[in-house]
Amino acid sequence: MMKNFKLTIQYNGVFFHGWQMQSDQVTVQGEMESVLKSIFSDQKINLVGAGRTDSGVHALGQVANVKINTHYGSNDIKNILNANLSKKIWIVDCVEVDLDFHSRFSALSRIYEYHITSSFSPFNNERATLIRYDLDCEKLIECSDLIIGKKNFSTFCKLNSEVKNKICNVENSFWVFNQKKMIYTIQANRFLHHMVRFLMGSMIEVARGKNSINQFNDMLNNNSDITAVRAPSDGLYLMKVLYE
């Protein structure tokens with residue numbers, strides 16, 4: 001009996017060259033498909049992720065789905081995967097869903113966080129971006145407010161992106177500050193390649209006094225010659241994918 005399993009996945013991006021399968025690199029999709037193929041060797045396995053996280057990007061709530069002809073239930077699939085995957089990947093949840101469910105195209109929105117720390121710790125290394133210079137928190141908040149809304153984010157995506165539609169609807173964009181970390185949260189219906197990292201790097205340029213709020217706003221309106229700065233991948237987390 002053909003079943004469609006929706007998986008909620010956590011992984012440490014330090015150990016992977018992103019989500020998407022690459023023939024010569026270790027990726028999350030590649031490791032998971034390898035395990036599934038070893039168990040269901042007579043079937044074609046196609047694991048579909050909700051978001052293609054880059055090399056070094058972490059996930060606490062990545063979602064993927066896979067269709068398998070099996071008598072196993074969702075809890076069996078979860079246990080089989082967790083028993084055979086490296087401990088750098090963990091299946092948090094597995095549920096059987098309708099056959100027409102698609103982890104990417106059925107998603108309504110995605111939530112990312114970006115973590116910044118000002119002091120080095122081996123426990124934060126490659127899990128938060130270390131910035132030692134002062135950042136103006138008020139300017140970060142002003143920038144994050146400007147991001148909200150339906151906009152063309154052409155300035156904030158990879159130049160050779162093959163995606164023609166650059167319109168994204170950002171529903172939430174805000175900062176939380178505490179003594180140990182600065183955490184930025186953004187929620188949108190879709191994201192362009194490297195979009196969060198370009199937004200983050202460009203906000204940091206404003207917060208450190210390199211660019212002005214008005215210049216950042218011009219960049220959002222695609223009315224600027226300033227090139228967006230891409231922040232490192234180590235502070236970025238895919239937190240959650242939302243569905244109906």
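Here is a short report on the structure shown in this document.

Criteria and cut-off values
- Each chain has its residues counted from 1, following the order in which its sequence is written.
- Given that the model is predicted, a residue must reach a pLDDT of at least 70 before its local features are reported, and side-chain atom pairs must reach 80 or more before they are shown or counted; all residues, however, enter totals for whole chains, interfaces and linings.
- To get the side-chain values, take all heavy atoms of the structure and skip hydrogens and water.
- Segments assigned H or I by DSSP are reported as helices when at least four residues long, segments assigned E as strands when at least two residues long, and all are numbered from the N terminus.
- We take the radius of gyration over the C-alpha atoms and set the globule estimate at 2.2 Å times the residue count to the 0.38 power.
- A simple rule labels every residue: compare its accessible area, found with a 1.4 Å probe on the protein chains alone, to the largest value its type can have, and call it buried under 20%, exposed over 50%, or partly exposed in between.
- Any two residues whose heavy atoms approach within 4.5 Å at even a single point are treated as in contact.
- Note on areas: Shrake-Rupley, 1.4 Å probe, and residue coverage restricted to the protein chains presented here.
- Charge convention: Lys and Arg are scored as positive, Asp and Glu as negative, and His as well as the terminal groups of each chain are ignored.
- In this description, the location of a charge corresponds to atom NZ of lysine, CZ of arginine, CG of aspartate or CD of glutamate.
- Counting of polar contacts relies on pairs of N or O atoms within 3.5 Å, with two restrictions inside protein: one atom must be capable of donating a hydrogen and the other of accepting it, and residues adjacent in sequence are counted only when both atoms are side-chain atoms.
- For two strands to count as paired, DSSP must find a minimum of two bridges between them.

### So, the overall build of the protein chain
Step number 1: Along the protein chain, the regular secondary structure elements total five helices and ten strands.
Step number 2: Expected size for 244 residues packed as a compact globule is a radius of gyration near 18 Å; at 19 Å, the protein chain falls within 12% of this value.
Step number 3: Judged by the C-alpha coordinates and their principal axes, the protein chain covers about 60 × 40 × 35 Å.
Step number 4: Counting only residues that meet the buried cut, the protein chain has 49% of its 244 residues in that class.
Step number 5: Counting contacts in the protein chain only where the partners sit at least 6 residues apart, residues at least 24 apart contribute 71% of the total.
Step number 6: Of the roughly 12,500 Å² of accessible surface on the protein chain, a fraction of 47% belongs to carbon and sulfur atoms.
Step number 7: Between the centroid of the 27 positive side chains of the protein chain and the centroid of its 24 negative side chains there is a distance of 3 Å.

### Structural notes on the environment of serine 224
Step number 1: Mapped onto the fold, serine 224 is located in the loop between α5 (213–220) and β10 (236–242).
Step number 2: For serine 224, a relative accessible area of 27% puts it in the partly exposed group.
Step number 3: In the structure, serine 224 is positioned 69 residues away from threonine 155 in sequence and 8.8 Å away in space, judged by C-alpha atoms.
Step number 4: Apart from the residues within four sequence positions on either side, serine 224 is in contact with Gln215, Asp218 and Met219.
Step number 5: In this structure the side chain of serine 224 is engaged in a polar contact, spanning 3.0 Å, whose partner is the backbone nitrogen of isoleucine 226.

### A short note on the pairing of strand β3 (residues 58–69)
Step number 1: When you tally the buried positions in β3, you get nine out of twelve residues, the bulk of the element.
Step number 2: As paired strands, strand β2 (residues 48–49) and β3 are joined by two bridges and run antiparallel to one another. Paired with glycine 49 across the bridge in β3 is alanine 64.
Step number 3: Summarising the sheet, β3 and β10 pair through two bridges and their orientation is parallel. Bridged to alanine 59 within β10 is leucine 238.

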